[in-house]
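Single-letter residue listing:
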Amino acid sequence: MSGFDITAATPILKQYYTKLKVETLVFKSAAFALIPKDTGGGGSAYEGTVRSAIASNASFTDTVAFASTSASVFKRWSVPWRSGYTRALVNGQSLDATRNDGLAFAKALVTETEGAYDEIAQQIGAALWSSGGGAIGQISSTSDVSLTVITLANPLQGINFRTGQVIKSSATDGTSGSVRANSVTLTKVDILTGQLTASGAWSTITGAAALDYLFMDGDFGLAWQGIPAWIVPPGSARATALGTAFNGVTRDVDPVRLGGVTYTGNGAPKKESMIQLGMLLQLVGAKPSHIFLHPMDFADLQKDLTTQCTITTETAYKNPQIGFAAINYVAPFGMIKVMSDPFVPQGLGFMLQMDTWKLASMESIPQTKLWDNLQWLRVAAADQYELRQLYRAYTFCSMPGFNGCVRW
């Protein structure tokens, strides 16, 4: 008997990909592993509230306290669900060739399935540390789009790119504007230098220009709103972001409580800037527990803290079997754990009070058990089979003002 035996394939993957195994594969971002999760989501959107101002009802005069004051001010967020997709693709001939060798058959399935898990883990990590527009990089100001090779404005965002990706561009980061017509396919990627080589000139994308933002085909404006969407980094774009409606709330009426605390170090030592941000957070009543940095920024800070800290292990949310190294630092504002995350934008540090965050999803992230219970599907018009993975999720912060961002 020839052909793909679904009854043989499904039990193999079910036994091999336990919850622990899946989380080991997809927890590439430390913040994604640690953030509190709720897998019981539903409805068309999440309706959440945050108190941006306490009641104004205290006075040393009784008639003022009891008659002339106002109630607390609440803001209502309506947070949309966002979906992510990928698939494992297996060639029918390869499966037939290994069907009489159980180990080789299982290896063929596992190899491709883990590739899909790796792909979706990259997508999740990039999205968690993005503004929600779907951009995964930006063309440098010195790149010539008439050539096949460009360099990223931040070379270390090369981690978000792989050969074979179909890439589009836009003058905006996806939170506004529109995507340009046409695309290029990546044929070579250097993840350390940030050089991206396309199958043709980058000007194949209509109107492509230096400083354009880059997107996977189909992603423009559709990523879920990550941590920088809630805690808007300091810089020229902050005022615009806070003045634009975000999940139904215009945040510039109370920029700190609704958009996070910020501090700009202007090149000062990273330890000093971290302490300054922490003290500002303490001033507004926050109790920050973690700071997440790009690995290169983490290395700089680690050098400053060598004799003032200990190394500890932080475990994933409700999964003590998965751990991440952290620096345990006793700062003037209290104990904080400093962690490296490859998806954090270089040049920024995010200081978070983790109990104010929630990552909600419909079922697990990702899931492979679809409504028809068919884990493996035949690809139309091709001798191939596919395993689809997807998730539906959103990020929510109940108290943005208890979280902060520093620009070094």
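Up top is the structure these notes are about.
These remarks concern the structure in this document. (Residues numbered from 1 in each chain as written. Predicted model: local features only at pLDDT ≥ 70, side-chain atom pairs only at ≥ 80, totals over all residues. Heavy atoms only, no water.)

**Side note on the pattern of salt bridges**
- Here the structure, examined in full by the defined rule, presents ten salt bridges.
- The salt bridge partner of Arg76 is Glu47, with a shortest N-O separation of 3.2 Å. Of this pair, Arg76 sits in strand 3 (residues 73-80) while Glu47 sits in strand 2 (residues 45-53), placing them 29 residues apart in sequence.
- For Arg76, a relative accessible area of 54% corresponds to the exposed category.
- Take Glu47: its relative accessible area is 39%, and that puts it in the partly exposed class.
- With its nearest N and O atoms 3.2 Å apart, the salt bridge here joins Lys270 to Asp300. (Salt bridge = Lys/Arg side-chain N within 4 Å of Asp/Glu carboxyl O. Helix = DSSP H or I, 4+ residues; strand = E, 2+ residues; numbered from the N terminus. Buried < 20%, exposed > 50% of the residue type's maximum accessible area, 1.4 Å probe, protein only.)

**Topic: a nonpolar patch on the surface**
- Among the surface-exposed residues, Val256, Leu280, Leu283 and Val284 lie close enough to one another that they form a single nonpolar patch of about 330 Å² accessible area.
- Mapped onto the fold, Leu283 is located in helix 10 (residues 270-283). (Patch = residues over 30% accessible without salt bridge, like charges linked within 9 Å, V, L, I, M, F, W, Y side chains within 5 Å. Areas by Shrake-Rupley, 256 points an atom, 1.4 Å probe, with all protein chains shown as cover.)

**Quick look at unusual backbone geometry**
- The omega torsion across Ile365 and Pro366 is -10 degrees, close enough to zero to call that bond cis.
- Considering the arrangement of structural elements, one finds Pro366 in the loop between strand 17 (357-361) and strand 18 (376-378).
- A positive phi angle, close to 50 degrees, is found at Asn247, a residue other than glycine.
- As for its placement among the helices and strands, Asn247 is situated in the loop between helix 8 (236-242) and helix 9 (255-259).
- Phi angles above zero are rare outside glycine, and Glu363 is one such case at about 70 degrees.
- In this fold, Glu363 is placed in the loop between strand 17 and strand 18.

**Describing the nonpolar core**
- Within the largest apolar cluster, 69 residues are counted, with the highest numbers of intra-cluster contacts made by Trp77, Trp129, Trp202, Leu214, Trp230, Phe292 and Phe350.
- Sort the elements by how many residues they give to this core and helix 6 (residues 102-128) lands first, with eight residues.
- Once you skip the residues sitting within four places of it in the chain, Phe292 turns out to touch Ala30, Ala31, Leu34, Trp129, Met339, Val344, Leu348, Gly349, Phe350, Leu352 and Met354. (Core = buried A, V, L, I, M, F, W, Y, C linked by side-chain atoms within 4.5 Å. Contact = heavy atoms within 4.5 Å.)

**Some remarks on helix 11 (residues 295-304)**
- Taken together, the buried positions of helix 11 are occupied by Asp297, Phe298 and Leu301. The buried residues of helix 11 all sit within an arc of 100 degrees when viewed along its axis, so they share a single face.
- On its buried side, helix 11 packs onto helix 10, strand 12 (290-293), strand 14 (319-331), strand 15 (334-340) and strand 16 (348-352). (Arc of directions from axis to C-beta.)

**Things to note about helix 2 (residues 19-26)**
- Listed in full, the buried residues belonging to helix 2 are Val22, Glu23, Leu25 and Val26. Viewed along the axis of helix 2, the buried residues span an arc of 160 degrees, placing them on a single side of the element.

**Remarks on the sheet that holds strand 20 (residues 404-407)**
- If you trace the seven strands from one edge of the open sheet to the other, you get 11-20-16-12-15-14-13, paired in mixed fashion. Two strands in the sheet have a free side with no partner beyond their single neighbour: strand 11 (261-264) and strand 13 (309-316). Along the sheet, successive strands turn relative to each other by an average axial angle of 30 degrees, direction set aside.
- The sheet contact formed by strand 14 and strand 15 spans five bridges and is antiparallel. Its bridge partner lying in strand 15, Ala331 is registered against Gly334.
- Together, strand 12, strand 13, strand 14, strand 15 and strand 16 form the strand contacts of helix 11, whose direction differs from that of strand 15 by roughly 135 degrees. (Pairing = 2+ DSSP bridges. Axes fitted to C-alpha atoms, helices over the stretch in contact; angles between N-to-C directions.)

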